[in-house]
Amino acid sequence: RDVVLLYIPNVIVAVLILLAAAMVAEAVKRIVRGAAEAGKLPSAPFLAGVTRWSIWVFGILAALFQLGVAGELIKTIFTGFVAMLAIAGGLAFGLGGKDHAADFIAKLRKEISK
């Protein structure tokens, strides 16, 4: 009985985390979509959706952590997710920018040799 009563504040905080995540996700989604449309990006709805769901995922993970549900598993998933994003970003910018970097270095060499 006492254990249940002591757990209620964790449930309330988890619900508040989810409510905050819902409000922030919708607000940021609108901001990202508006900014992307103002910048005339064709992928504005996609960027807004990715933003919204990213905030939701982090909110759900935070709520589960607050509830004490598989804390170590959630930490591992979160660490893996951040590492995946870092590696994917590094590869995307590294491989995608390879030609631009080569062009820039060639341009610098021409200017230096003049």
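Residues numbered from 1 in each chain as written. Predicted model: local features only at pLDDT ≥ 70, side-chain atom pairs only at ≥ 80, totals over all residues. Heavy atoms only, no water.

1. Side note on the pattern of salt bridges
- Overall, the coordinates contain four salt bridges when judged by the stated rule.
- Across the pair Arg33 and Glu37 runs a salt bridge whose closest N-O atoms are separated by 3.0 Å. Within this pair, Arg33 and its partner Glu37 are both found in helix α1 (residues 2-38), separated by four residues, close to a single helical turn.
- Its salt-bridge partner being Lys75, residue Glu72 comes within 3.7 Å of it at the nearest N-O pair. Of this pair, Glu72 and Lys75 both sit in helix α3 (residues 71-96), three residues apart, roughly one helical turn.
- Among the ionic contacts, a cluster of salt bridges with common partners joins Glu26, Lys29 and Arg52. (Salt bridge = Lys/Arg side-chain N within 4 Å of Asp/Glu carboxyl O. Helix = DSSP H or I, 4+ residues; strand = E, 2+ residues; numbered from the N terminus.)

2. Considerations on helix α2 (residues 44-67)
- Under the 1.5 Å per step criterion, the end-to-end length of α2 is 35 Å for 24 residues, consistent within 8% with the ideal 34 Å.
- Of all the positions in α2, only Ala44, Ala48, Thr51, Gly59, Leu61 and Ala63 are classed as buried.
- Two residues or fewer past α2, Gly68 is found with a positive phi of approximately 80°. (Expected span 1.5 Å × (residues − 1). Buried < 20%, exposed > 50% of the residue type's maximum accessible area, 1.4 Å probe, protein only.)

3. Concerning the confidence of the model for the protein
- Within the protein, residue pLDDT values average 88, and 99% of them lie at 70 or more.
- Within the protein, α1 carries the highest mean pLDDT (93), whereas helix α4 (residues 98-113) carries the lowest (82). (pLDDT = per-residue confidence, 0-100.)

4. Here we look at α1
- For α1, spanning 37 residues, the distance from its first C-alpha to its last is 55 Å, which sits close to the expected 54 Å at 1.5 Å a residue.
- At Ile8, α1 shows its maximal kink, close to 25°; a proline, Pro9, follows between one and four residues later.
- Of all the positions in α1, only Ala14, Ala21, Ala25 and Ala36 are classed as buried.
- Buried residues along α1 sit against α2.
- Just beyond α1, the residue with positive phi is Lys40, at close to 60°. (Bend = angle between axes of the 7 residues up to and from the residue. Contact = heavy atoms within 4.5 Å.)

5. Comments concerning the environment of Ala35
- Inspection of the secondary structure assignment puts Ala35 in helix α1.
- Taking the C-alpha atoms as reference points, Ala35 and Val50, separated by 15 residues in sequence, lie 14 Å from one another.

6. Comments concerning the packing of α1 against α2
- One way to put it is that α1 packs onto α2 with a least axis distance of 8 Å and a crossing angle of 170°. As summarised for this structure, α1 and α2 are arranged roughly antiparallel, according to the angle between their axes. Where α1 crosses over α2, the handedness of that crossing is right-handed.
- In terms of residue class, the contact of α1 with α2 is built from 23 nonpolar, four polar and five charged. (Axes fitted to C-alpha atoms, helices over the stretch in contact; angles between N-to-C directions. Parallel < 35°, antiparallel > 145°, perpendicular 65-115°, else oblique. Left-handed = near helix turned anticlockwise from the far one by under 90°. Nonpolar A, V, L, I, M, F, W, Y, C, P; charged D, E, K, R; others polar.)

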